[in-house]
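Secondary and tertiary structure notes
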Amino acid sequence: LDVSYCRIGLYGLSDSLRVLESLTHLDLQGNALEIIPGQAIETLVQLQYLNLSGNLLTRLPREMENLRRLKILNIRINRLTTLDAVNFGKLAALIRLDVSYNGLDRIPESLENCPLLNDISCKM
């Protein structure tokens, strides 16, 4: 599902996402989203690709831990200063993570528990 650059409000999309349990790709790039409500993504258990780049996110919801099949997570160009709310070790399928151009001062230790993770981009 590609809704990039649509300037959508996630609250309107939130109910729609909850019923798309078999969704594997979600692109929310460039929508000026400030938050991702946990209840909007917690049921997306088949999700493999999530692009949240180019938004205004300051934190990620803990419910992202439910995305156990997630392989690619792009959260570059946001306002994130910490990723501590998410235990990335629960995302065992994660192979690529892009956290570039945020305000992060460190990468979470829980990433060490992602056995398939081989591509981390964290450009300043």
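A brief report on the enclosed structure follows. What you see as residue numbers is a count from 1 along each chain, following the sequence as written. Only residues with pLDDT of at least 70 get local features here, since the model is predicted, and only at 80 or more are side-chain atom pairs given and counted; chain-wide, interface and lining totals rely on the full set of residues. Side-chain metrics in this entry use all non-hydrogen atoms of the structure; hydrogen atoms and water are not considered.

1. Thoughts on the side chain of Ser-110
Here Ser-110 shows up in the loop between strand S4 (96-98) and strand S5 (119-121). Type-normalised accessible area, obtained with a 1.4 Å probe on protein chains alone, sets the label of each residue: buried when under 20%, exposed when over 50%, and partly exposed for intermediate values. Judged by relative accessible area, Ser-110 falls into the buried class, the value being 16%. The contact criterion used throughout is that any non-hydrogen atoms of two residues lie within 4.5 Å. Setting aside residues no more than four positions away along its own chain, Ser-110 makes contact with Val-86, Asn-87, Phe-88 and Gly-89. Helix numbers and strand numbers start at the N terminus; a helix is a DSSP run of H or I with at least 4 residues, a strand a run of E with at least 2.

2. Thoughts on the environment of Gly-38
Relative to the helices and strands, Gly-38 resides in helix H2 (residues 38-41). Classification of Gly-38 by relative accessible area gives buried; the value is 8%. Taking the C-alpha atoms as reference, Gly-38 lies 24 Å from Asp-105; in sequence the two are 67 residues apart. Those residues in contact with Gly-38, other than ones at most four positions away along the chain, are Pro-61 and Glu-63.

3. Things to note about the sheet that holds strand S1 (residues 25-27)
Note on sheets: strands pair through backbone hydrogen bonds, and any given pair is parallel or antiparallel. Read across the open sheet, the five strands follow the order S1-S2-S3-S4-S5; overall the sheet is parallel. The open sheet terminates on both sides in strands that have one partner only, identified here as S1 and S5. Across the sheet, the mean angle separating the axes of adjacent strands is 5° when strand polarity is ignored. For strand S3 (residues 72-74) and S4, the ladder comprises three bridges, and the chain directions are parallel. What sits directly across from Ile-72, in S4, is Arg-96. Two strands are said to pair when DSSP picks up at least two bridges between them. Each axis is a line fitted through C-alpha atoms, taken for helices only over the stretch in contact, and angles between the N-to-C directions span 0 to 180 degrees.

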